[in-house]
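What the coordinates show
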Amino acid sequence: AEWDDIVTISKIADEAGIEFILPVAKWRGFGGDSDLWGRSFEVLTHSAAIGALTKQIGIFATVHVPLVSPAFAAKAMVTIDHVTHGRAGLNIVCGWNQEEFDLHGITIDPEQRYEQGLEWFEIYSRLLAGGPRFDWDGQFYKLKGLSTDPLPIQRPGPVVMSAGFSTKGRDFAAKSVDILF
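Read on for a plain summary of the structure. (Residues numbered from 1 in each chain as written. Predicted model: local features only at pLDDT ≥ 70, side-chain atom pairs only at ≥ 80, totals over all residues. Heavy atoms only, no water.)

1. Considerations on the sheet that holds strand β7 (residues 179-180)
To keep things clear, this is the line we draw: For two strands to be treated as a pair, DSSP must find no fewer than two bridges joining them. To qualify as a helix, a DSSP run of H or I must reach at least 4 residues; to qualify as a strand, a run of E must reach at least 2; elements of each kind are numbered from the N terminus. Contacts: residue pairs with any heavy atoms within 4.5 Å of one another. Between N-to-C directions, angles cover 0 to 180 degrees, with each direction set by a line fitted to C-alpha atoms, over the stretch in contact for helices.
With parallel pairing, the five strands of this open sheet are ordered in space as β1-β2-β3-β6-β7. Strand pairing shows two members of the sheet lacking a second neighbour, β1 (20-21) and β7, which therefore form its edges. Sheet analysis places strand β2 (residues 58-64) next to strand β3 (residues 88-93), joined by six bridges and oriented parallel. The partner of F60 across the bridge, within β3, is G89. Running at roughly 160° to β3, helix α5 (residues 113-129) makes contact with β2, β3 and β6 (159-162) of the sheet.

2. Re the pattern of salt bridges
So the rule is basically this: Salt bridges are counted wherever a side-chain nitrogen of Lys or Arg sits within 4 Å of a carboxyl oxygen of Asp or Glu.
If you walk through the whole model with that rule in mind, you get three salt bridges. Of the charged contacts in the structure, one is a salt bridge between K168 and E111, with a shortest N-O distance of 3.5 Å. Taken together, the residues span a long stretch of sequence, with K168 in helix α6 (residues 167-176) and E111 in the loop between α4 (98-102) and α5 at a distance of 57 residues.

3. A closer look at the nonpolar core
Defined as follows: Joining through side-chain atoms within 4.5 Å is the link that ties buried Ala, Val, Leu, Ile, Met, Phe, Trp, Tyr and Cys residues into a set, and such a set is a nonpolar core. Relative accessible area decides the class of each residue, using a 1.4 Å probe on protein chains only: under 20% of the type maximum gives buried, over 50% gives exposed, and in between gives partly exposed.
One finds M77, L90, I92, W120 and Y124 to be the most contacted residues of the largest nonpolar core, which totals 32 residues. When contributions to this core are tallied by element, the ones reaching two or more residues are α2 (43-53), β2, α3 (70-83), β3, α5, β4 (134-137), β5 (142-146) and α6. With seven residues, the top contributor of residues to this core is α5. Counting seven residues, the second-largest nonpolar core is a separate cluster that includes I6, V7, I57 and I59.

4. So, the layout of surface pockets
The line we're drawing: Site definitions follow a grid-based scheme: protein atoms alone, a 1 Å grid, a 1.4 Å probe that fits but cannot get out for cavities, and for pockets an open set with protein on both sides within 12 Å along at least five of seven lines, plus lining residues having an atom within 4 Å of a point. Grid points are joined across faces, edges and corners, and a volume is the space filled by probe spheres set on the points. Here the nonpolar group is Ala, Val, Leu, Ile, Met, Phe, Trp, Tyr, Cys and Pro; Asp, Glu, Lys and Arg are the charged ones; every other residue, Gly included, is treated as polar.
By volume, the largest pocket amounts to about 420 Å³. Lining of the largest pocket is provided by 23 residues; of these, T62, N91, V93, W96 and A163 occupy positions nearest its centre. Broken down by element, the lining of the largest pocket gets its largest block of residues, three residues, from β3. For the lining of the largest pocket, the per-class residue count stands at 13 nonpolar, seven polar and three charged.

Below is the structure:
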């Protein structure tokens, strides 16, 4: 994960016509001698930077629902969509590796993580739709004065993917995303 190498590979992939880049969103590696994914960059910033340096490849950014508010994610994804001139995509992760969330003081509720994800997605989608400010009083989020401006270039918003494999993960994907990875 040397930045200049990532830039070089991203430009090669862009020129080769690869469809998209999905940077690994990890807060902690898996340990051991190789510490797989122990060295990585934060993906929202990573995606905006790579998007500015490429011309046609899609750029996905991963958001961990328990860590990133839907209002922050909406503003970040709109920014990436504008930086890339409409090539942004969002990968939603509802949480699975408790050790990574321990770094942030967050406990994942394995029984309700996808319900939280659905509420998160509903808020996120409503923000990208535009319209007047709104408040949200849900089970997982109590938010005031929500809006985002500018709106995304892609309408209704950047393409959304998820990689949930469990039955609940696939149900979440069926209700909220464009691509189940």
